[in-house]
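# A closer look at the structure
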Amino acid sequence: MKKIYLICLLLFALFGCQTIEKPNVLEQSLNQGWTLTGDTLSINMHIDVPSVVQQSLYENGIIPHPYLGTVENDLLWISDHPWDYTLHFDLDKELLVKENVELVFEGLDTYTEVKLNGEKLFFADNQFREWKVDVKSFLRDKDNLLEVHFARYDSTQLALYEQHQPRLPEKYAVSRKAPYQHGWDWAPKYKNVGIWKPVKLVGWDKARLKNAYIVTQTADTEKAELMLHLDVENETDGTFEFVVSTGSTTLASRSLSLLKGRQHSVIPITIDNPQLWWPNEMGEQPLYDFEVVLKKGQQVLDTKQFKSGIRTFEMVDEPDSIGRAFYFKVNGVPMYAKGANYVPEEMIETWINADNTLALLREAKDAHFNMLRVWGGGIYPSNDFFNICDSLGILIWQDFMYAGTMYPYDEAFLENARIEAEEQVKRLASHPSLALWCGGNEISEGYYNWGWQQSLGWTEEEDKAIKAGYDRLFEGILPQTVTEFDGTRPYWPSSPSKGWGRPESLTEGDVHYWGVWWGEQPYEMYREKVGRFNSEYGYQSYPDYSTLQKIAQGEPLSPNAEVITAHQKHPRGTRQIDDFIQRYYPNVQPKDFEEYVHLSQLSQAYGMEVAIEAHRTAKPYNMGTLYWQLNDAWPVTSWSSIDYYGNPKVLHGQLKELYAPVLLSVDWKDYGIFVTSDLLRDIDGILTVAVHDLNGGQLFEQKVQVRMSANENKKYAVEGLAEYLRNADLEKVCVKLKLIEGETLTAERNCYFFAFYE
Ligand code: BMA
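In short, a report on the structure.

Criteria and cut-off values
Residues numbered from 1 in each chain as written. Predicted model: local features only at pLDDT ≥ 70, side-chain atom pairs only at ≥ 80, totals over all residues. Heavy atoms only, no water. 1 Å grid on protein atoms, 1.4 Å probe; cavity = no way out; pocket = protein on both sides within 12 Å on 5 of 7 lines; lining within 4 Å. Points joined across faces, edges and corners; volume = space filled by probe spheres on them. Nonpolar A, V, L, I, M, F, W, Y, C, P; charged D, E, K, R; others polar. Pairing = 2+ DSSP bridges. Helix = DSSP H or I, 4+ residues; strand = E, 2+ residues; numbered from the N terminus. Axes fitted to C-alpha atoms, helices over the stretch in contact; angles between N-to-C directions. Near = heavy atom within 4 Å. Polar contact = N/O pair within 3.5 Å; in protein donor to acceptor, adjacent residues only side chain to side chain. Sits in = over half its atoms within 2 Å of the grid points. Phe/Tyr/Trp six-rings, centres within 6.5 Å; stacked < 30°, edge-to-face > 60°. Buried < 20%, exposed > 50% of the residue type's maximum accessible area, 1.4 Å probe, protein only. Lys NZ or Arg CZ within 6 Å of the ring centre and 35° of its normal. Contact = heavy atoms within 4.5 Å. Parallel < 35°, antiparallel > 145°, perpendicular 65-115°, else oblique. Left-handed = near helix turned anticlockwise from the far one by under 90°.

### Quick look at the layout of surface pockets
Roughly 620 Å³ of internal volume is contained in the second largest pocket. Forming the boundary of the second largest pocket are 24 residues, of which Trp184, Asp185, Glu442, Trp450 and Trp518 lie nearest the centre. The residue inventory of the lining of the second largest pocket, partitioned by class, reads 11 nonpolar, five polar and eight charged.

Next up, the structure:
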């Protein structure tokens, strides 16, 4: 009692006699208390959303765990079955009196008809969009019935695909749904169905702020020019006030005369002496808390709060003596990009959770990553993902979700794609970690190099129409949307810009160099195939042995065990892993499968070491290396460096050295020593170069004075080293490199001339 009295006193002291206004915009969550039924099946489950059918079936004990054993084929029926979600709900009293009430589905996966109290509201056909509709006139105070019917996904898709002339390379092209769920070379065919994001009602009077976000136009340590973008919806023409602040500082206060309806406005803001946000290891990641308030007279109608960071990001793509330079500048400073490609963390996308994402991305940060490419065959990551990247300093190369096929180009498809892009651009714009937008994955590469014209029998006319459709989407609609609603992020139409078979892939743009995995060339080929920016390359290995034990559930393990091949989705994967083990470890006889698994990881790590060393030591010709792939969507044999259960493979441990701010390495051609620095300060130190035998005995030592500017890559000739190594048995020596500045160890590395087995 005493406590309550004290709180009342405190409130009175704070607000005096003012009456506390009820918020103008109110929300009612509709996430709880749904029933999910499977049409002709006698399945009836009580569930909450967000969730997908596959998840609910597992959580209700109806199907086995979709990631374990050999169950994939037994679960494929789920995506070709109709599913119904129903919810009975009473309307919150405060919402009842609102002039406007909107029903919002943040995500429906995928072909969905929605009804409220028997009235058909809309048909959804895009997993990546929000679906919103004004429902004021359909609502009653008690016992509303919301029905969400999911059509048979597979049949719906097939019908759309078959209608499409000319034939498109992939069936999934017709569906705006995560491509990887249709099966990939590391993913099963789990095409999820369900309400995969929250559902709510939003009620408001007069006006509301639908979106508020901030982007950096220009910034240095003295001044930042930002743009505040606002989406306002108002019922009547009128003048509204907007106040934007950070902490106790008001940054701008504007009156805008707006016509009735929805509008997008942009307000410039200036911040003096801003604290700049930097990628990992280039500086700190300060974030500002922004608040935007919408007022009419003295009445606060709506507020939005969000964090953002201030930094500039530029994509440099300009002619040089060799082709075209391609690199990024952050706050005006050229950045060597180090990282990997990121795929969705789960096959069941609703199982992605922020704790696991944080753990995964911390591993990336600890391995000196400053960039991840969110690959275009997955899903747009959540706000949590971007908040984590903002705080860890990991920049995101964000593909739009298009991959490996040509797409339809009718007006309805393109408009659907445009709305999706607009929503995603707006949702992510405030995040300083969002670096650039890219059209998608391996689409133009496919068009020019994969022979679709012949294999699908397109006539010349059809070919032209498909290519014109491609241009409209990837050279028109997507970049225009980025410019209109962001205006600061660069747009890159396709990753890679040219296929790896073409010489220009190494002299301009970004390259996916797959000659080693797909072309079965030796790892050493990575040394010849250094592009301006290597945005994909990789080699498979088995996941941690404990992961294999989990999926096998007691079954005996071997490379050809059924459960192991069910978790290997590349047709030649098992054979290729074995080939490289034989090639690089001919004298090692693994005593059991566990040791064989370890060998596969050593082989992968060796291959990536050759590649990363080749890329980094070619700086500034090469300005980025993103291997394929950071993570897995389920327990699988793949190119990842961290397996599904979060176990780092040998490669991931090795990245701590390979991606270190200063990399020391031996040039295998002339035995010079590279000092490759990403530090933003000069180096003045002593490099010790020693040659040891494999038992640790020292055979040679020499010291070199190292003086370098910030961000420099330099090769040092070491007196006597080349001569010594030319006469040595390279299989039996290790070159130990150490760079010391004063008392401080700046970098250290042991280099071998072969795939070292330990
Ligand atoms: C790249 C990616 C993925 C694929 C990987 C391995 O091209 O874009 O499509 O999983 O190759 O084959």
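Once the structure has been displayed, the description carries forward.
### Concerning the sheet that holds strand E22 (residues 333-335)
Here we have three strands laid out as an open sheet, ordered E20-E21-E22, and antiparallel in their pairing. Each of the sheet's edge strands pairs with one partner strand only, and the pair in question is strand E20 (313-319) and E22. Across the sheet, the mean angle from the axis of one strand to that of its neighbour is 40 degrees, orientation sign disregarded. Pairing between E20 and strand E21 (residues 324-330): seven bridges, direction antiparallel. In the strand pairing of E21, Asp317 is matched with Phe326.

### What about the site of the ligand?
By nearness alone, every residue bordering the ligand is listed as Trp184, Asp185, Trp186, Trp375, Asn441, Glu442, Trp514, Trp518, Glu536, Trp628 and Trp639. Here an oxygen atom of the ligand and a side-chain polar atom of Trp186 are 2.8 Å apart. Contact between the ligand and Trp375: an oxygen atom at 3.1 Å from a side-chain N or O atom of the residue. According to the grid-proximity analysis, the pocket containing the ligand is the second largest pocket.

### Here's the deal with the packing of aromatic side chains
Between two aromatic rings, the relevant description is the distance of the centres plus the angle of the planes. Counted under the stated rule, the structure contains 59 aromatic pairs. Their ring planes at 50 degrees and their centres at 5.4 Å tell us that Tyr584 and Tyr606 sit as a pair that is tilted. Note that Tyr584 is positioned in helix H14 (residues 573-584) and Tyr606 in helix H15 (residues 593-616), a separation of 22 residues in sequence. Consider the rings of Tyr671 and Phe753, whose centres lie 5.9 Å apart with planes at 80 degrees: the pair is edge-to-face. Residue Tyr671 is found in the loop between strand E31 (662-666) and strand E32 (673-677), and its partner Phe753 is found in the segment after strand E37 (744-752); the two are separated by 82 residues along the sequence. You can call Phe753 partly exposed: its relative accessible area is 22%. Among the aromatic residues, those joined into a ring-pair cluster are Trp514, Trp517, Tyr523, Tyr539, Phe580, Tyr584, Tyr606 and Trp639. Lying across the ring of Tyr153, Lys177 places its NZ or CZ 5.4 Å from the centre. One residue, Lys550, lies across the ring of Tyr645, its end atom 4.0 Å from the ring centre.

### Details of empty space enclosed by the protein
Applying the stated criterion across every chain, the model contains two cavities of 30 Å³ or more. Considered as a void within the structure, the largest cavity measures approximately 120 Å³ in volume. Lining the largest cavity are 14 residues, and of these Glu281, Met282, Lys338, Asn370 and Asp678 sit closest to its centre. Grouping the amino acids of the lining of the largest cavity by side-chain chemistry returns seven nonpolar, four polar and three charged. Within this model, the second largest cavity holds a volume of roughly 50 Å³. For the second largest cavity, the full set of lining residues is Met406, Tyr407, Pro408, Tyr409, Leu414, Ile466, Gly469, Tyr470, Leu473 and Phe474.

### Topic: unusual backbone geometry
Of note, the amide linkage connecting Gln165 to Pro166 takes the cis form, showing an omega dihedral of -5 degrees. Mapped onto the elements of the fold, Pro166 is located in the loop between helix H5 (153-163) and strand E11 (194-195). Positive phi outside glycine occurs at Lys206, with the angle close to 60 degrees. When you line up the elements, Lys206 lands in the loop between strand E12 (199-204) and strand E13 (207-219). In this structure Lys206 comes out as partly exposed when scored by relative accessible area, which is 39%.

### Description of the pairing of strand E15 (residues 238-246)
A regular strand places its side chains on the two faces of the sheet in alternate fashion. Buried residues dominate E15, accounting for seven of its nine residues. Sheet analysis places E15 next to strand E16 (residues 249-258), joined by nine bridges and oriented antiparallel. Across the sheet, Glu241 pairs through a bridge with Ser255, a residue of E16. Where E15 folds back onto E16 in an antiparallel hairpin, the turn is made up of two residues, including Gly247, whose phi is positive at roughly 55 degrees.

### Let's talk about the sheet that holds E31
If you trace the three strands from one edge of the open sheet to the other, you get E31-E32-E35, paired in antiparallel fashion. Strands with a single pairing partner mark the edges of an open sheet, and in this sheet they are E31 and strand E35 (713-716). On average, each strand axis in the sheet is tilted by 15 degrees relative to the strand beside it, whichever way the strands run. In this sheet, E35 lies alongside E32 in antiparallel orientation, the contact comprising four bridges. Across the sheet, residue Thr676 finds its bridge partner in E35, namely Asn713. With respect to the sheet, H15 is in contact with E31, E32 and E35, its orientation differing from that of E31 by roughly 105 degrees.

### Notes on the packing of helix H6 (residues 354-366) against helix H7 (residues 383-392)
For the pair H6 and H7, interaxial distance at closest approach is 10 Å and the crossing angle is 30 degrees. By the criterion of interaxial angle, the relationship of H6 to H7 is roughly parallel. By crossing handedness, the relation of H6 to H7 is classed as right-handed. Contact residues: H6 offers Ala354, Thr357, Leu358, Leu361, Arg362 and Lys365, while H7 offers Asp384, Phe385, Ile388, Cys389 and Leu392. Here the contact of H6 with H7 is built from residues that sort into seven nonpolar, one polar and three charged.

### Comments concerning the environment of Glu233
Among the secondary structure elements, Glu233 is positioned in strand E14 (residues 223-234). Along the sequence, Glu233 and Cys389 sit 156 residues apart, while their C-alpha atoms lie 31 Å from each other. Ignoring anything within four residues of it in the chain, the contact list for Glu233 reads Trp204, Lys206, Ala207, Arg208, Lys210, Gly261 and Arg262. Within the structure, the side chain of Glu233 is placed 2.8 Å from the side chain of Arg208, a separation counted as a polar contact. Only 3.0 Å separates the side chain of Glu233 from the side chain of Arg262, close enough to count as a polar contact.

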